[in-house]
Every structure is written in C-alpha cells, then in structure tokens.
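Inside the fold
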Amino acid sequence: MSASPEPAIAPLRQDLVSEFPYKHSTGEVIGRFLAGLKEQKRIWGQRVAGQGVVVPPFGYSEIDGSAAGEWVEVKSTGTVTAVAVVQQPIERLHPFAEPFAFVLVRLDGADTAMAHVVKDDLARLRVGSRVAAVWKPDGEREGSVRDISCFRVTGEPTPKAIAAGAEPMNEPPKEPVKYVQTDVHLPYHYVAGDHRARYLQALKDKRILGSKCSQTGRVLLPPMINSAESFAPADQFVDVSDKGVVTTFCIVNIPVIGRNLEIPYVAASVALDGADLSIFALIQECKPEEVRMGMRVEAVWKPDGERQGDHEDILYFRPTGEPDAPAESYINRL
Amino acid sequence: MKRPVAVVGVGQTQHSSRRADVSIAGLVREAVDRALLDAGLEHKDIDAIVIGKAPDQLEGVMQPEQYLAGALGAHLKPLIRVHTAGSVGASTALSAVTHVASGLFDRVLTVAFEKQSEGNAMWALSPNLPFTAPLVAGAGGYFAPYCRAYIAKTGCPPHIGPLIAVNARANAARNPYAHLREPMTLEDVMNSPYLWEPIRYLETCPSSDGACAMVVASGDVAKKGPRKPAWVKSGYSYAEAMWVPGRDQVSPRAGRVCAKAVYDKAGIRDPWNEIQVAEIYVPFAWFEAMWLENLGFCDVGQGWKIIDRGEQKFGAHLPINPSGGVLASNPIGASGMLRLGEAALQVMGRAGEHQVPDVKNALGHAYGGGAQYFAMWVVSNEL
Amino acid sequence: MTKLRNVAVVGFAQAPIVARDEHHTAQEMLYPQVRRALADCGVERSEIDYQVAGSADYIDGRPFGFVSALDVMGAWPPAQDLHLEMDAAFAAYYAWLRMQAGDCDTAIVCGYGKASEGEPRRILNLQLDPYYQAAIGLDPVSTAALQASQYMARSGADDRDLAAVAARNRAAGARNPEAQVRAGASADELLATPWVVAPLRQGYLPPLGESAVCLVLAAEGKAETMCDRPAWIHGVDQRIELQTLGARDLSRSVGAKLAAEKAFAMAGLESAGAVDVVELSAANPAEELILCEALGLDAQASRPVINPSGGPLTGNPLMMTGLIRLGEAFRQLSGRAGARAVDGAKRAIAHATSGHCLQQNAVFVLGSDRRWS
C-alpha cells in the first residue's frame with residue numbers, strides 16, 4: 001500500500017444518538033400473558049410439544065414450531081436456575097442503579113424458566129435459591145414483564161403440591177395488552193476516517209478536495225481510499241472547483257423526522273468541474289421550478305470566520321447565470 | 001447448479017400498513033404455515049432455513065432471526081440470515097436454491113419479512129449520518145433524480161408514471177393479499193402531490209408489514225408432489241460498486257449483467273416473447289419503464305412505449321406485476337421474495353384471480369441499494 | 001458419506017485488532033486486507049468468482065452499512081455477491097456451499113465492523129426478543145454470566161477453573177502479533193480482577209476491539225495455484241438453537257455438539273481429540289469449557305492445542321471473530337502461524353458462534369490433505 005503523501009491528520013469524531021420509541025405489537029398469546037400480569041396478578045404459561053409448560057409463552061413450541069395448547073397457571077414462587085450479578089449497572093439499559101442480579105426463575109408449575117431480576121439479598125442468592133415475585137401495586141402495572149418489579153429471595157422450600165390459593169382461573173384475560181414499547185437509545189461515536197476528515201477540514205479554507213486514482217487519474221469526490229473502477233488506491237488529494245453543473249435533481253416535498261430543511265427544496269446531483277463523481281447538494285437562490293438539468297451552479301460558502309470544517313461550510317449551490325451545459329457533457333455523469 | 005431445484009410451496013401474509021394483530025413471530029408464522037401447507041410438508045421435514053430482511057433498525061430488533069429461530073421450527077437446524085438491502089427477499093430465495101443445489105439439503109424453508117410499522121420506515125432508512133449533509137429524504141429522494149434523467153433521456157411523456165400506478169392498483173384488485181387495492185384513475189394520480197418531483201405520492205409504494213415464505217426442494221422431492229412445482233431454471237444475484245465515474249443509475253450495469261446471466265442459463269434468447277409474465281421490483285412507478293429496458297424486454301429508450309401501448313397490462317402481451325407489485329405492497333424485506341414467489345405461483349398455476357394463462361416461463365426480479373444489488377430468477381413449468 | 005468437492009482456505013489477511021482505529025472507517029480498514037489476501041494468493045480481483053461478507057447494520061450504526069463495502073471489495077465490473085447479517089464465518093460457510101453447488105470456484109469472504117463506534121452492551125440487548133428478554137435490560141455480558149453460573153452449578157467448575165482457562169489463552173495471545181491483548185497474565189492475577197457480572201470477572205472478558213478480515217476460498221484445481229499449502233475443508237456444519245434462555249440448558253451446547261457430530265462425520269474424523277489444533281469462538285472461559293464438553297475435548301490435555309491464537313479473550317472483533325478462527329486454523333495448517341505455530345499441525349477444528357450464550361454454532365474441520373480423491 002502506498003503511504004499517503006499528505007501529513008498526518010487529527011481524528012475527526014462525531015457523536016450521534018439513535019433513538020426511537022418502537023411499539024411491538026404482541027399478538028394474542030403474549031398480549032394475554034401480559035394482561036394476566038396486569039389485571040389478575042397471575043402468571044400464565046402454555047403447554048407445548050417438546051417443552052411442557054412454557055413460561056412466559058409465545059403461542060408455539062420453540063422446539064418444533066408446532067402451535068401451542070392450553071393455558072396453565074403457574075405459581076409466583078419458583079427456583080433460580082441461573083444468576084448473574086451486575087456490579088456496575090448501565091444507565092438507561094439496566095433496571096436499577098445499584099448492583100442487582102439477573103436471574104432465570106423456573107416458577108412452580110412451569111417447565112421453562114423466565115428471565116427476571118433480583119434486587120436484594122444478593123449475597124444469599126445462588127442457583128437453587130427459592131424466590132417469590134414482588135408485584136407492582138394495583139394501578140402501577142402496565143402490561144409488561146416489569147409488572148413484577150423483581151423477585152425476592154425467600155428461602156422457603158419447594159411446595160410439594162400446588163396449594164389451593166385464590167379463586168382458580170381457566171385463562172388469562174380475553175383482552176390482550178396490545179403493545180410492548182421499547183425506547184431504543186443508542187449513542188454512537190463515529191470516526192470520519194482520514195480521507196473524509198481531510199475533505200471536511202479543507203472546506204474551512206474554501207477548498208474542495210477529491211482523491212485521485214493512482215491508476216486512472218480519475219478524481220473521486222468525496223475522496224475515497226480506492227477507486228472501485230480500477231481497484232487501485234486513491235491516496236493523492238487534488239483540488240476540485242466549487243463550480244459545476246446540475247446533472248439531475250428532484251424537488252423534495254416531504255419532511256423527515258429529525259431534519260430541519262424547509263420544504264420544498266431541490267436536492268441535486270452536481271458534477272463539479274474537475275471531479276469525476278457527482279455529489280448530492282442543495283440548490284437555493286432560485287425557485288425550485290427554475291432548476292434544470294445542465295444548469296451551471298456555484299457553491300455559496302459560509303462567511304470567513306464562520307466556517308468550521310464540516311459539511312455546513314457549503315451552505316448550498318446557486319445558479320451562476322452562465323449558459324446551460326450541453327446535454328452530452330453531463331448526461332453520462334449523473 | 002449441481003442438481004435441479006424447484007419451488008414446491010409458496011405462502012404470504014395479508015400485507016397491510018400495520019399488522020397490529022400479531023407479534024413479529026406471528027407475522028412470519030402466517031407466511032410459513034401457508035408455505036408448508038402449500039407444499040404438503042411439516043416443520044420436521046425441513047432441513048434448513050434461509051431467512052432475509054432489510055435493515056434491523058426498521059423493527060428495532062437486531063438480527064431478529066435469533067429470536068425467531070424457535071418460531072421458524074429452526075431449533076437444531078442450519079440457518080442463515082441474508083441482508084442485501086431492497087433485493088434481500090430475492091437473494092434470500094436464491095441462497096435457499098443454492099442450499100438445495102449443493103446436494104446437502106433436500107427441502108429448505110426460505111422466509112423474508114418486514115414489520116416496519118413497529119418503527120418508522122422513513123426515519124430508519126434516512127437517519128442523520130455523521131460527516132454527511134442530510135439531504136436524501138428516503139429512498140424516493142435518492143431515486144427521483146434518476147427517474148427525471150430517464151424522462152429527459154427518452155422524451156417520455158408525463159402520463160407514463162401515472163399509467164403504471166393506475167395499472168398496479170388494477171392488478172392489486174385481483175390479489176387479496178395486497179395492501180393497497182382501491183382502484184385509482186389517471187386523474188387521481190396526476191392530481192396527487194409530488195413527494196420528490198418527478199415522483200408523485202400515488203406513484204410511490206406504501207410502507208407495509210408483511211412476509212413471504214417458500215419451500216424449495218430437490219427435483220426428486222418436487223416430483224413427488226402434491227403440487228406442480230416451479231422449476232428454477234436459473235437465478236443470480238449481482239452487486240456493483242457505488243462510486244464508479246459515469247455509473248449508469250438509470251439502467252445499471254449489474255442489472256443488465258444479471259439479467260443476461262439469468263436468461264442465458266435458462267436458454268432464453270428473446271425475453272419479450274419467451275417469458276409470459278414478469279414480477280419486477282417497482283417501488284416508484286417510473287421504474288417499470290426503466291426496468292423493461294434494463295431487463296432486455298425492449299431496446300434502450302423504448303420501455304415507456306410498452307406502457308403507453310398497454311402491452312404490460314393483465315391480459316396483454318407480457319403482464320408485469322399481476323400481483324400489483326411493490327406499488328401495492330412493500331414490506332421491504334419481503335418484497336423481493338414476493339416477486340420471486342409470485343413468479344413461481346404463476347408457473348404453478350396457483351395465482352388465483354391474477355393467474356396469467358399458459359405460463360411456461362416467469363421472471364422474478366428485485367433490486368436494492370443505490371440501484372446496485374440485483375437478484376432474479378426464471379422459473380418454468382418444466383425442468 | 002457422499003463424496004463432496006474439495007475446497008480449501010488459500011489465503012487470510014487480518015488487520016491488527018485494536019481498541020479503536022481513529023483514522024479509518026470500517027470499510028477503509030477492509031480495503032488493504034482484500035488487497036493483501038489477493039496478493040498473497042497471486043491473483044487479481046478479476047480472477048475471483050464470488051464475494052460474500054458478514055457484518056451488521058446495528059454495529060455499523062446505520063442501515064445498509066455493508067453497501068459501502070462493495071467499493072473496497074472491488075465489485076466492478078458487477079460481481080456475484082451476497083451479504084449476511086452474521087459473523088463472517090457463516091459467510092465462509094455459504095461460499096463453501098456455493099462451491100459444492102458448482103456455482104463458483106474461488107471466493108473472497110470479508111468481515112468488517114467497528115465495535116468501538118457503538119456501545120455493544122446496549123446494542124446487543126436488542127438481539128433478544130423485545131417482549132420478555134430485552135425488556136428487562138439483559139446485555140451480552142449478563143447473559144454470558146447467566147450461562148456461566150448454570151454451567152458452574154452443574155459441573156462444579158469454580159472461579160479458579162475459569163481463571164486457569166483465561167490464563168492459558170492470555171499466554172497464547174502473548175505469542176500472537178495479531179492479538180489485541182499481548183500481555184500474558186497468571187490465573188492469580190486474573191482472579192484478582194473485579195467482577196463485571198459475576199461469575200465473570202474483567203479478566204475473563206475480552207476488551208472491546210475491531211479489525212477487518214479477508215479470507216480466500218478456492219476449489220480443487222484453483223486452490224493449488226493460489227497457495228503452497230492450502231487448508232482443505234474436510235467437513236462443516238452449523239446449527240441454531242431456540243433463543244429463549246430459560247428454555248435452554250445453558251450449561252450445555254447441544255447445537256455445537258450436533259454441528260460437531262455432523263462436521264466430524266463429513267470429515268471422517270473419529271473425534272475432536274484426533275486433531276492438532278482447535279480454535280474456539282469462546283468469548284469467556286465458561287463458554288470454552290462448555291464447547292470443549294460439546295465437542296468431546298479435554299480442556300486440560302496438551303493436545304490438541306486449544307486457541308493457540310489466544311482466542312477471542314485476546315481479541316474479539318464483533319462480526320468476524322469466527323472467521324478469524326477459520327483463518328487461524330488455515331495459518332496453522334499452512335505454516336503461516338509464526339511463533340504460535342503448533343508443531344506438526346495437520347488437522348484443525350475452527351468454531352464460530354452467533355447470538356447470546358452460544359445460540360448458534362458452526363464447526364469446520366480442516367486438514368493439510370484433501371478429504372476426497
């Protein structure tokens with residue numbers, strides 16, 4: 001690999017958070033199980049082939065894909081089959097700020113274990129411990145697995161038989177809980193890579209840089225580390241004009257979450273003089289209907305002193321007023 | 001391909017804007033149950049599972065095939081998950097064909113789905129990317145400039161896109177599984193607002209929840225019935241780099257190369273006359289004209305004339321998308337498999353109300369990325 | 001056993017595994033590895049029939065992240081291509097299947113992804129079903145700890161046993177210039193590291209790291225022209241299990257056991273003990289012990305050598321750890337393993353995994369000689 005002839009560049013980083021409140025519809029079985037937690041304070045499983053009584057149920061056997069059978073109520077006491085003690089909880093992911101444990105609990109009457117949490121008595125907690133559900137109070141349960149706020153270590157022995165307790169029920173509520181909401185919150189810490197960093201940094205000086213294929217001399221914009229066409233490296237940087245031609249475009253009339261561009265706006269493919277690839281750019285200072293394929297445009301830069309070395313240093317492109325480029329000069333450079 | 005492969009069962013869901021009645025597994029199982037029933041098989045008969053879908057940010061579940069393994073009857077079976085952008089449903093089906101062609105698997109279940117109502121498709125597909133100006137507003141915002149270029153290059157009149165859109169709806173009326181089925185008039189479409197001019201609202205695919213599943217099997221299994229199979233004569237998936245100076249995004253090279261490979265292998269020299277029906281991936285109406293050219297059904301610049309003459313309508317010379325296509329239903333991950341599956345249904349004689357008569361060969365096609373990924377097959381009623 | 005096509009690993013290039021490459025994007029990290037792998041095989045990109053990659057959108061932090069890899073993989077003119085949202089080892093499996101189908105003779109298999117750009121413990125929570133498991137905030141270290149606790153309760157293995165396995169991997173990593181963690185550590189030192197999620201200590205867990213890899217596969221007829229000592233694939237199988245943690249016996253890997261049985265049968269391999277090298281995608285010592293049990297390996301025997309590379313504990317770049325195991329097996333059999341070479345290695349096993357708690361497993365058996373004649 002030929003070393004880049006350019007001097008070393010400081011890393012360019014950007015942090016963005018990807019977040020969205022997803023709503024996952026539950027369907028009948030998951031929905032009724034959750035309704036059982038919320039409205040009845042009862043835990044239901046389903047008997048399925050190859051697994052016995054599955055808690056919590058999906059409506060099918062995960063062993064062979066067959067459809068599920070009858071609803072079976074299980075107790076809210078059970079035995080721990082796995083323990084993971086979290087020493088430093090992760091904010092906005094884990095349910096507690098203090099050390100806690102994830103557990104798998106096989107409830108009495110169930111043949112599978114459900115994943116849950118234990119908050120207290122962590123020193124006493126081990127595989128084999130007896131635990132009991134701690135419910136959220138009436139009015140606070142929402143129809144989620146966290147309607148059980150946690151399990152607590154009881155030390156009580158496994159009951160020999162399922163004791164008769166409250167009024168027996170045949171099924172969970174008929175009306176399912178419709179959705180489970182997941183508020184996804186993912187911070188990302190990106191790096192631009194040196195080629196993109198150099199390109200952005202140069203914008204501060206009102207320079208547009210492309211990278212040149214070491215084999216064909218074609219100028220790639222924005223700079224790429226290699227030319228896909230030749231498969232050769234493209235490590236040499238060259239200046240490209242800030243004037244060019246609109247090769248094609250569209251008029252965007254639809255807003256996007258998280259964007260603040262005023263609609264309608266023109267998004268155009270612009271072939272800058274000296275570059276062999278076109279870039280997408282905003283066209284302004286003219287009415288959208290005045291934009292044409294072949295229209296000559298020039299960059300409008302942020303004023304001196306305001307440019308930061310990022311993509312906003314070029315505010316947009318505007319018509320230069322020159323005669324349109326002939327079709328053959330741009331029709332194959334879309 | 002080392003040995004013959006056939007489609008022995010096809011299933012799909014009721015596609016709609018929001019399948020709030022089912023969980024993700026419920027949606028997928030609806031299609032899988034139907035495919036297995038169609039094939040006269042059970043989960044225990046399936047040797048491997050090949051599943052595909054588009055970006056996981058659409059549902060907010062990463063690699064959902066892991067959660068779905070139990071639901072798919074995949075426990076202790078081989079499974080792979082494919083992702084090739086919009087073409088994924090098709091490349092997934094082709095990967096299943098490879099599994100069978102290898103000689104190592106006799107019956108492979110293949111599934112593709114999207115439950116994009118759980119998130120927001122536009123947001124998921126056009127996130128703010130670092131170090132990039134946030135200009136592209138959804139897939140339409142990317143493709144609209146190339147539709148404009150097609151119109152400019154060919155002198156295609158403005159009613160062609162609307163004609164395609166109207167026809168897609170008319171076709172969807174014959175497909176009970178389709179999402180958008182209400183008929184439209186040319187006036188309806190031409191009066192609808194531009195989303196990304198030149199693409200209008202009513203020329204744009206919907207955002208749908210849906211799934212498609214198929215069982216592909218060896219020739220020996222296929223011959224044992226119960227259904228007349230659809231023989232996979234050929235299938236290829238190609239991709240091309242993005243940043244190639246002068247890359248043709250109106251008629252991409254990867255599409256032309258892929259189509260040629262598929263036709264050559266299937267022994268087809270004159271697609272316009274040797275293929276009786278084609279299900280092709282048209283998310284924005286103008287692509288129907290563009291793909292007719294890219295797929296070699298006509299010469300460059302002539303695709304829109306086929307539309308103008310109505311030769312691609314149901315009942316005409318070469319019906320395109322009798323199912324209504326992507327314009328009628330677009331669960332992104334599933335759409336490619338729906339194209340291939342609908343082509344198979346046509347050959348199997350099981351397309352119900354939208355059955356084209358006397359189908360010998362059918363083409364199924366999908367594309368994705370910045371018009372970079374192409375996956376297609378030709379299926380036939382004989383080996 | 002049916003006679004199959006002889007396919008070999010003929011090349012493997014890997015970027016050093018680093019905590020964070022501040023100067024290259026994931027795809028830019030991949031480009032030099034593709035160039036190097038092809039150069040080592042003495043072929044141009046145009047001589048390769050097929051390309052397939054493994055990566056994940058959520059690791060890339062954007063949808064369609066893999067599309068950018070087309071340019072650095074050389075997809076021009078247009079190439080026959082596939083991308084899997086899986087560890088690149090499964091992409092290698094698929095390329096092998098294509099060769100069995102007669103659909104290609106040579107393939108490049110690429111893995112890339114920058115784990116440092118996201119926060120994997122948050123991201124991988126999303127792999128779990130949203131209704132019951134992701135909903136309580138489980139992350140991959142916590143699920144691994146649940147599995148470890150279940151294994152320890154059943155088998156009687158204790159903290160010291162985990163430390164011993166970790167120390168062995170650390171010692172091996174010190175001899176591997178490609179590893180991220182290059183300092184050995186004794187069991188006592190590792191036992192003194194704090195709990196992250198008990199029973200897993202910090203010393204039992206890999207650091208966050210990233211790399212880019214390109215592996216080259218070729219069928220008989222081509223393989224011999226591309227490599228002086230190809231590593232022939234004798235057998236391969238992969239199996240997924242259901243995901244629900246409480247519905248599995250996490251203390252055992254029935255999937256790895258089944259995949260191994262099938263791969264061994266295809267390879268004509270009587271037992272795992274008969275090979276010289278085993279590379280396991282075990283991201284913590286409990287996983288390694290579970291896998292040894294599943295494969296029928298004695299974790300304490302000196303032969304076969306387990307993880308002479310140092311294994312994932314010394315470098316675990318997400319989306320390619322499994323492919324690196326395959327690449328390491330190739331290096332051992334083809335005499336390219338430098339200071340970590342296992343003397344006289346003629347047969348190897350490489351293992352890959354996907355999902356929480358070894359949910360999905362692939363087992364490759366390789367040898368210096370062709371399997372079928």
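So, how was this worked out
The residue count restarts for each chain, going from 1 along the sequence in the order it is written. For naming, the first written chain is A and the first written ligand is 1, with later ones following in the order written. Local features in this predicted model are restricted to residues whose pLDDT is 70 or higher, and side-chain atom pairs enter the listing and the counts only when it is 80 or higher, whereas totals over whole chains, interfaces and linings include all residues. In computing side-chain values, all of the structure's heavy atoms are included and hydrogens and water are not. Only DSSP runs of H or I reaching four residues or more are called helices, and only runs of E reaching two or more are called strands; each is numbered from the N terminus. When we talk radius of gyration, it's over C-alpha atoms, and the globule rule is simply 2.2 Å times the number of residues to the 0.38. Relative accessibility under 20% of the residue-type maximum defines a buried residue, over 50% an exposed one, and the middle range a partly exposed one, all with a 1.4 Å probe and only protein chains included. The method behind every accessible area is Shrake-Rupley, applied with a 1.4 Å probe, and residues are considered shielded solely by the protein chains displayed. Whether two residues are in contact is decided by their heavy atoms, any of which lying within 4.5 Å being enough. Counting rule applied: Lys, Arg positive; Asp, Glu negative; His and chain ends not counted. To locate a charge, take atom NZ for lysine, CZ for arginine, CG for aspartate or CD for glutamate. In the sections that follow, a salt bridge refers to a side-chain nitrogen of Lys or Arg positioned within 4 Å of a carboxyl oxygen of Asp or Glu. Comment: axis = line fitted to C-alpha atoms, over the contacting stretch for helices; angle = value between 0 and 180 degrees taken between N-to-C directions. An angle below 35 degrees is treated as roughly parallel, one above 145 as roughly antiparallel, one from 65 to 115 as roughly perpendicular, and anything else as oblique. The sense of a crossing depends on the near helix, which, turned anticlockwise from the far helix by less than a right angle, makes the crossing left-handed and, turned clockwise, makes it right-handed. Residue polarity follows a fixed list, in which Ala, Val, Leu, Ile, Met, Phe, Trp, Tyr, Cys and Pro are nonpolar, Asp, Glu, Lys and Arg are charged, and the others, Gly among them, are polar. Each Phe, Tyr or Trp ring (for Trp, its six-membered ring) is paired with any other whose centre lies within 6.5 Å, and the angle between the two planes then decides the class: stacked below 30 degrees, edge-to-face above 60, tilted in between. Any Lys NZ or Arg CZ found within 6 Å of a ring centre and within 35 degrees of that ring's normal is scored as a charge over the ring. Note on pairing: two strands pair once DSSP finds at least 2 bridges between them. As used here, buried area is the combined drop in accessible area, with a 1.4 Å probe, of two parts when they are placed together. Polar contacts here mean pairs of N or O atoms no more than 3.5 Å apart (in protein, one a potential hydrogen donor and the other a potential acceptor; neighbouring residues in sequence count only if both atoms are side-chain atoms). In this document the domain limits rely on a domain assignment from an automatic tool or a database.

**A short note on the overall build of chain A**
For chain A, the helix and strand inventory stands at 3 helices and 18 strands. Taken over the C-alpha trace, chain A has a radius of gyration of 31 Å; the compact-globule value for 334 residues is 20 Å, which it surpasses by more than 25%. Principal-axis analysis of the C-alpha atoms places the extent of chain A at approximately 90 × 45 × 40 Å. A burial count over chain A gives 54% of its 334 residues as buried. Summing over all exposed atoms, chain A offers an accessible surface of approximately 14,900 Å²; the carbon and sulfur share of this is 48%.

**Some remarks on the overall build of chain C**
A count of helices and strands for chain C gives 12 helices and 12 strands. In summary, chain C has a C-alpha radius of gyration of 19 Å against a globular reference of 21 Å for 373 residues, a match within 12%. In terms of overall dimensions, chain C has a C-alpha envelope of 50 × 45 × 40 Å along the principal axes. Nonlocal contacts in chain C, meaning residues at least 24 apart in sequence, comprise 78% of its contacts between residues at least 6 apart. Accessible surface for chain C amounts to roughly 9,900 Å². Of this, 49% is attributable to carbon and sulfur atoms. Considering chain C, the positive charge centre built from 34 side chains and the negative charge centre built from 43 side chains are found 3 Å apart.

**Things to note about the pattern of salt bridges**
Across all of its chains, the model carries 68 salt bridges over all chains by this definition. With a shortest N-O distance of 2.9 Å, aspartate 273 of chain A and arginine 296 of chain A are connected by a salt bridge. Residue aspartate 273 of chain A is found in the loop between strand S15 (265-272) and strand S16 (279-283), and its partner arginine 296 of chain A is found in strand S17 (residues 296-301); the two are separated by 23 residues along the sequence. Judged by its relative accessible area of 14%, arginine 296 of chain A is buried. Here aspartate 56 of chain B ties to lysine 53 of chain B by a salt bridge, and the two come within 2.8 Å at their closest N and O atoms. Relative accessible area serves as the criterion here: at 0%, aspartate 56 of chain B is assigned to the buried category. Members of the salt-bridge network, linked through shared partners, are Lys53, Asp56, Glu59, Glu65, Arg81 and Glu114 of chain B.

**Focus: the packing of helix H6 (residues 140-155) of chain C against helix H11 (residues 285-295) of chain C**
Residues and elements named next belong to chain C. Taken N-terminus to C-terminus, the directions of H6 and H11 make an angle of 55 degrees; their axes are 9 Å apart at the nearest point. With respect to their mutual orientation, H6 and H11 come out oblique. Regarding H6 and H11, the two cross each other, and that crossing is left-handed. Of the residues in H11, those touching H6 at Gln147, Ala148, Tyr151 and Arg154 are Ala286, Glu287, Leu289, Ile290 and Glu293. Of the residues that constitute the contact of H6 with H11, the class distribution is 5 nonpolar, 1 polar and 3 charged.

**Side note on the packing of aromatic side chains**
Here the structure, examined in full by the defined rule, presents 29 aromatic pairs over all chains. Ring centres of phenylalanine 96 of chain A and phenylalanine 100 of chain A lie 5.5 Å apart, and the angle between their planes is 65 degrees; on these two criteria the pair is classed as edge-to-face. Each ring, one from tyrosine 281 of chain B and one from tyrosine 367 of chain B, has its centre 5.5 Å from the other, and the planes form 80 degrees; the classification is edge-to-face. You can see tyrosine 281 of chain B sitting in the loop between strand S9 (277-279) and helix H11 (286-294) and its partner tyrosine 367 of chain B sitting in strand S10 (residues 361-368), a full 86 residues away along the chain. For tyrosine 281 of chain B, a relative accessible area of 5% translates into the label buried. Over the ring of tyrosine 179 of chain A we find lysine 23 of chain A, and its NZ or CZ is 4.5 Å from the ring centre.

**Some words on the pairing of S16 of chain A**
Most of S16 of chain A sits inside the fold, with 4 of its 5 residues counted as buried. Between S15 of chain A and the antiparallel strand that follows it, S16 of chain A, lie 6 residues; glycine 274 of chain A among them carries a positive phi value of about 100 degrees.

**Structural notes on the sheet that holds strand S11 (residues 208-212) of chain A**
All names here are of chain A. Read from one edge to the other, the open sheet built from 3 strands follows the order S12-S11-S13, with strand pairing classed as antiparallel. Two strands close off the open sheet at either side, each with one partner strand: strand S12 (219-220) and strand S13 (236-240). Where S11 meets S12, 2 bridges bridge the pair, whose relative direction is antiparallel. Bridging across to S12, lysine 212 finds its partner in valine 219. Along the sheet, helix H2 (residues 194-203) makes contact with S11 and S13, crossing S11 at roughly 150 degrees.

**Examining the sheet that holds strand S3 (residues 52-54) of chain A**
Residues and elements named next belong to chain A. Read from one edge to the other, the open sheet built from 3 strands follows the order S3-S2-S4, with strand pairing classed as antiparallel. Sheet topology places S3 and strand S4 (71-74) at the edges, where each strand pairs with a single neighbour. Across this sheet, the average inter-strand angle for adjacent strands is 45 degrees, counted without regard to direction. Bridge count between strand S2 (residues 43-48) and S3: 3 bridges; the pairing is antiparallel. Note on S3: the bridge partner recorded for arginine 47 is valine 53. Sheet strands touched by helix H1 (residues 27-40): S2 and S4. Its angle to S2, the strand with the most contacts, is close to 150 degrees.

**Examining the interface of chain B and chain C**
Taken together, the contact pairs 56 residues of chain B with 57 residues of chain C. When chain B packs against chain C, close to 5,000 Å² is buried across both sides, 63% of that on carbon and sulfur atoms. Among the residues chain B hides against chain C, the three largest losses belong to Met62, Gln66 and Leu76 of chain B. Together they make up 15% of the total. Applying the counting criterion to the chain B and chain C interface returns 0 salt bridges. At the boundary of chain B with chain C, the tally comes to 25 residue pairs in polar contact (both at pLDDT 80 or more). Among the secondary structure elements, those contributing two or more residues to the side of chain B that touches chain C are helix H2 (65-68), strand S3 (79-82), helix H3 (88-101), helix H4 (121-125), strand S8 (230-239) and helix H9 (253-266) of chain B. The biggest single contributor to the side of chain B that touches chain C is H3 of chain B, with 6 residues. Taken together, the residues of the side of chain B that touches chain C sort by class into 32 nonpolar, 16 polar and 8 charged.

**Let's talk about the domain arrangement of chain A**
Partitioning chain A into domains gives domain 1 (1-24 + 193-240), domain 2 (27-177) and domain 3 (243-334). Look at where the C-alpha atoms of domain 1 of chain A and domain 2 of chain A centre, and you get two points 52 Å apart.

**Comments concerning the interface of chain A and chain C**
The accessible area lost on association of the parts is a frequent measure of interface size. Contacts between chain A and chain C engage 62 residues on the former and 60 residues on the latter. Both sides of the chain A and chain C interface together cover about 5,000 Å² of buried area, and 64% of this is carbon and sulfur. For the salt bridge of arginine 13 of chain A with glutamate 22 of chain C, the shortest nitrogen-to-oxygen distance reads 2.5 Å. Between chain A and chain C we count 20 residue pairs in polar contact (both at pLDDT 80 or more) in total. Where the side of chain A that touches chain C is concerned, the elements lending two or more residues are strand S1 (13-25), H1, strand S5 (77-86), strand S6 (100-107), strand S7 (114-118), strand S10 (179-191) and H2 of chain A. Here the side of chain A that touches chain C takes 10 residues from S10 of chain A, the largest share from any one element. The pairing of S5 of chain A with strand S5 (residues 195-198) of chain C spans 2 bridges and is antiparallel. When the sheet's bridge partners are listed, valine 85 of chain A is paired in S5 of chain C with alanine 198 of chain C.

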